[in-house]
Amino acid sequence: MTLTHFDSDGKARMVDVTEKADTVREATATGKITVNQDVYDAVEAGTVGKGDVLSVATTAGIMGVKRTSDLIPMCHIIPITNCKIRFEKVPEKREIHCFCTVKAAGKTGVEMEALTGVSAALLTIYDMCKALDKFMEIGDIYLCRKTGGKSKDIVNPKIVQEG
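Right, let's talk about the overall build of the protein chain for a bit. Secondary structure summary: the protein chain contains 5 helices and 5 strands in total. Starting at the N terminus, the α and β elements of the protein chain follow one another as β-α-α-α-β-β-α-β-β-α. Expressed as lengths along the three principal axes of its C-alpha atoms, the size of the protein chain is roughly 50 × 35 × 30 Å. In the protein chain, which comprises 163 residues, the proportion classed as buried is 39%. Expressed as a percentage of contacts within the protein chain between residues at least 6 apart in sequence, the contacts between residues at least 24 apart total 69%. When the accessible surface of the protein chain is totalled, it reaches about 9700 Å², and 56% of it is carbon and sulfur. Of the side chains in the protein chain, 22 bear a positive and 22 a negative charge, and the two mean positions are spaced by 4 Å.

Following this line, the structure appears as structure tokens:
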């Protein structure tokens, strides 16, 4: 398999998708933030001084999805048709997992948008809670699955193993 973002001279380029057919495409990405007990309790109780952390993080994730092409140089501007952000809390590990699902009908996939949405949401949690915890950890950001396009349906083996 060749890397499509490089020309024959090895220079970066945007992929030409002009001749590709439009298909419905969807991608889901995930990531997590690990926080101290004070942050976890404050998010759970809704007592973080800056406001409703997960609502603001949801908005940030959606905004990140919509601005992906401004952040990632070779990404195409994609008309997003749907974006969903959801969180799962894991109290015994003091983790907040974020899932971002993005949908569009177009010539190129929405994987980067889903990954950007997760990243923006988790960074927003960090920003809103940093007064309570200077050592939060963001990690395990990856693509869970994608549908549509030439490669059809792809499911990350990590997801299949975890059930």
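Before going further, it helps to spend a moment on the sheet that holds strand 3 (residues 95-106). The strand order across the open sheet built from 5 strands is 2-3-1-4-5, with neighbouring strands paired in antiparallel fashion. Across the chains shown, the open sheet's two edge strands, defined by having one partner strand only, are strand 2 (80-90) and strand 5 (154-155). Against the sheet, helix 2 (residues 53-66) contacts strand 2 and strand 3, and its axis sits at roughly 145 degrees relative to strand 2.

Considering all chains together, one arrives at 8 salt bridges under this definition. Notably, a salt bridge pairs Arg-67 with Asp-70, separated by 2.5 Å at the nearest N-O pair. Accessibility classification places Arg-67 together with Asp-70 in one group, the exposed group. A network of salt bridges, in which partner residues are shared, links Lys-32, Glu-95 and Asp-140.

Now for the side chain of Thr-116. Relative to the helices and strands, Thr-116 is located in helix 4 (residues 111-129). In contact with Thr-116, other than residues within four places in its own chain, are Gly-64, Thr-68, Leu-71 and Ile-72.

Regarding helix 1 (residues 37-45), the residues found buried are Val-39, Tyr-40, Ala-42 and Val-43. With its buried residues spanning 165 degrees around the axis, helix 1 presents them on a single face. Turned more than 90 degrees away from the buried face of helix 1 sit Asp-38 and Ala-45, all of them exposed. Of the surrounding elements, those touching the buried residues of helix 1 are helix 2, strand 2, strand 3 and helix 4. Taken from the residues just after helix 1, Gly-46 is the one with a positive phi, measuring 70 degrees.

Attention shifts here to the nonpolar core. Counting residues in hydrophobic clusters, the biggest one holds 31 residues, and the most contacted among them are Val-43, Val-53, Phe-87, Ile-96, Ile-125 and Cys-129. No other element matches the 7 residues that helix 4 contributes to this core. Other than its neighbours up to four places away in sequence, Ile-125 contacts Ile-33, Val-53, Leu-54, Ala-57, Phe-87 and Ile-96.

Each value, and the rule that gives it
- Along each chain, numbering runs from 1 in the same order as the chain's sequence is written.
- The predicted origin of the model limits local features to residues at a pLDDT of at least 70 and limits the giving and counting of side-chain atom pairs to 80 or more, whereas totals for whole chains, interfaces and linings rest on all residues.
- Hydrogens and waters are ignored; side-chain quantities use all the structure's heavy atoms.
- Helical segments are the DSSP runs of H or I of at least four residues, strand segments are the runs of E of at least two, and each set is numbered from the N terminus.
- Here's how the labels work: a residue is buried when its accessible area is under 20% of the maximum for its type, exposed when over 50%, partly exposed in between, all with a 1.4 Å probe on protein chains only.
- Contacts between residues were defined by any pair of non-hydrogen atoms, one from each residue, lying within 4.5 Å.
- With residues, only the protein chains shown are counted as cover, and all accessible areas are computed by Shrake-Rupley using a 1.4 Å probe.
- Asp and Glu are treated as the negative residues and Lys and Arg as the positive ones, with His and the ends of the chain left uncounted.
- Every charge is mapped to an atom, namely NZ of Lys, CZ of Arg, CG of Asp or CD of Glu.
- Strand pairing requires that DSSP identify at least two bridges connecting the strands.
- Angles shown run from 0 to 180 degrees and are taken between the N-to-C directions of axes, each axis being a line fitted to C-alpha atoms and, for helices, limited to the stretch in contact.
- Within this document, salt bridges are pairs made up of a side-chain nitrogen of Lys or Arg and a carboxyl oxygen of Asp or Glu, the two lying within 4 Å of each other.
- Summarising the geometry, the arc corresponds to the directions from the helix axis toward the C-beta atoms.
- Take the buried residues of types Ala, Val, Leu, Ile, Met, Phe, Trp, Tyr and Cys, join any two whose side-chain atoms come within 4.5 Å, and each joined set is a nonpolar core.

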